[in-house]
Amino acid sequence: LQLGKLEEAHRDYSRLLKDDPRNVDALLGLASIALRKDQPDQALSYFQKILEFDPNDAAAQAGIINLRGQNDPALAESRLKTALSSQPESGPLHFALGNLYARQQRWSEAQQAYFKAYTCEGENPDYLYNLAVSLDHLHQNKLAAQYYQMALKTAETNAATRPVSFDRIQVRARIAELRP
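Residues numbered from 1 in each chain as written. Predicted model: local features only at pLDDT ≥ 70, side-chain atom pairs only at ≥ 80, totals over all residues. Heavy atoms only, no water.

K.L.:
Can you help me understand helix H4 (residues 58-69) in this one?
P.N.:
An α-helix turns once per 3.6 residues; consequently, residues spaced three or four apart project the same way. Counted at 1.5 Å a residue, the expected span for H4 with its 12 residues is 16 Å, and the 16 Å between its end C-alpha atoms agrees. Burial runs high along H4: nine of the 12 residues are buried. Here H4 has its buried residues at Ala58, Ala60, Gln61, Ala62, Gly63, Ile64, Ile65, Asn66 and Gly69. For H4, the N-terminal capping position is held by Asp57, with its side-chain oxygen 3.1 Å away from the main-chain nitrogen of Ala59. (Helix = DSSP H or I, 4+ residues; strand = E, 2+ residues; numbered from the N terminus. Expected span 1.5 Å × (residues − 1). Buried < 20%, exposed > 50% of the residue type's maximum accessible area, 1.4 Å probe, protein only. Polar contact = N/O pair within 3.5 Å; in protein donor to acceptor, adjacent residues only side chain to side chain.)

K.L.:
Would you explain the nonpolar core in this entry?
P.N.:
What tends to happen in soluble globular proteins is that the nonpolar side chains get buried as a cluster. One finds Leu93, Leu97, Tyr147, Tyr148 and Phe166 to be the most contacted residues of the largest nonpolar core, which totals 38 residues. Where this core is concerned, the elements lending two or more residues are H4, helix H5 (73-86), helix H6 (91-103), helix H7 (107-120), helix H8 (125-137), helix H9 (141-157) and helix H10 (168-178). Apart from residues no more than four positions distant in its own chain, Leu93 is found in contact with Ala58, Gln61, Ala62, Leu80, Ala83, Leu84 and Gln87. Counting residues in hydrophobic clusters, the runner-up holds 18 residues, among them Leu1, Ala43, Leu44 and Ala60. (Core = buried A, V, L, I, M, F, W, Y, C linked by side-chain atoms within 4.5 Å. Contact = heavy atoms within 4.5 Å.)

K.L.:
Explanation requested: H9 in the structure shown.
P.N.:
The first and last C-alpha atoms of H9 sit 24 Å apart over 17 residues, in line with the 24 Å expected at 1.5 Å per residue. Among all positions of H9, only Ala144, Ala145, Tyr147, Tyr148, Ala151, Leu152, Thr154 and Ala155 are buried. Check the buried side of H9 and you find it contacts H7, H8 and H10.

K.L.:
Explain unusual backbone geometry to me, please; I cannot follow it from the model alone.
P.N.:
Of all residues except glycine, most have a negative phi; of all peptide bonds, most are trans. If you check the backbone angles, Asp38 has positive phi at about 60 degrees while not being a glycine. Classification of Asp38 as exposed rests on a relative accessible area of 66%. Positive phi, close to 60 degrees, is recorded for His139, a residue that is not glycine. Overall, His139 belongs to the exposed group, its relative accessible area being 67%.

K.L.:
What exactly am I supposed to notice about the packing of H5 against H6 here?
P.N.:
Packed helices, taken two at a time, are described by the angle their axes make and the gap between the axes. Their axes nearest at 10 Å, the elements H5 and H6 cross at an angle of 160 degrees. Considering their axes alone, H5 and H6 lie roughly antiparallel with respect to each other. The crossing of H5 and H6 is left-handed. Mapping the contact onto sequence places Pro73, Ala76, Glu77, Leu80, Lys81, Ala83 and Leu84 in H5 and Leu93, His94, Ala96, Leu97, Leu100 and Tyr101 in H6. (Axes fitted to C-alpha atoms, helices over the stretch in contact; angles between N-to-C directions. Parallel < 35°, antiparallel > 145°, perpendicular 65-115°, else oblique. Left-handed = near helix turned anticlockwise from the far one by under 90°.)

K.L.:
What is the right way to read the pattern of salt bridges from this model?
P.N.:
Working definition: two side chains of opposite charge can pair if their charged atoms are close together. Under the defined criterion, the tally for this structure stands at 10 salt bridges. For the salt bridge of Arg15 with Asp12, the shortest nitrogen-to-oxygen distance reads 3.7 Å. In this pair, Arg15 and Asp12 are both assigned in helix H1 (residues 6-19), three residues apart and thus about one turn of the helix distant. Residue classification places Asp12 among the partly exposed positions, given a relative accessible area of 35%. (Salt bridge = Lys/Arg side-chain N within 4 Å of Asp/Glu carboxyl O.)

K.L.:
Help me understand the packing of helix H3 (residues 40-53) against H4, please; the structure alone is not making it clear to me.
P.N.:
At a minimum axis distance of 9 Å, the contact between H3 and H4 shows a crossing angle of 145 degrees. Here the hand of the crossing between H3 and H4 comes out left-handed. Contact with H3, carried on its side by Pro40, Ala43, Leu44, Phe47, Gln48, Ile50 and Leu51, involves Ala59, Ala60, Gln61, Gly63, Ile64, Leu67 and Arg68 of H4 and no other residues of that element. Broken down by class, the residue content of the contact of H3 with H4 amounts to 10 nonpolar, three polar and one charged. (Nonpolar A, V, L, I, M, F, W, Y, C, P; charged D, E, K, R; others polar.)

Printed below as a string of structure tokens:
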């Protein structure tokens, strides 16, 4: 998945799921692939399957709220905040809230949500990257460059275990543009 080999990743996750139908990592991987292939209904079904096994799974909750909330951002924001009231240390829920704010170009609020996601789960390169993007939009160039660099370093450190959704070459180019 991290290498962008979606068909191979799909095959491997499907094998895992065949051996263990309750494998949350496999279901999340398949949901991620479905989202990358612009198959929101398929992703939704994987997220719902996860919630059948664990109704409190924050990643699945965030995925469902994001998918369903695209047409009603106010409702999605309310649902995310409600979920966060019972799971305040959930990186995925804070990240989903940041993404919602970013889609609305509410960059200050997005930055705060991404920072909370990062404080909950500091080893997630996508949280660091999106925090950097929000800082970039807020014209905080020095901090943005710092967080872009942290995102790259974390992505390299966790390369074997955590896929990233950003283009590392573009991030390096942006860092070069931001630094004097």
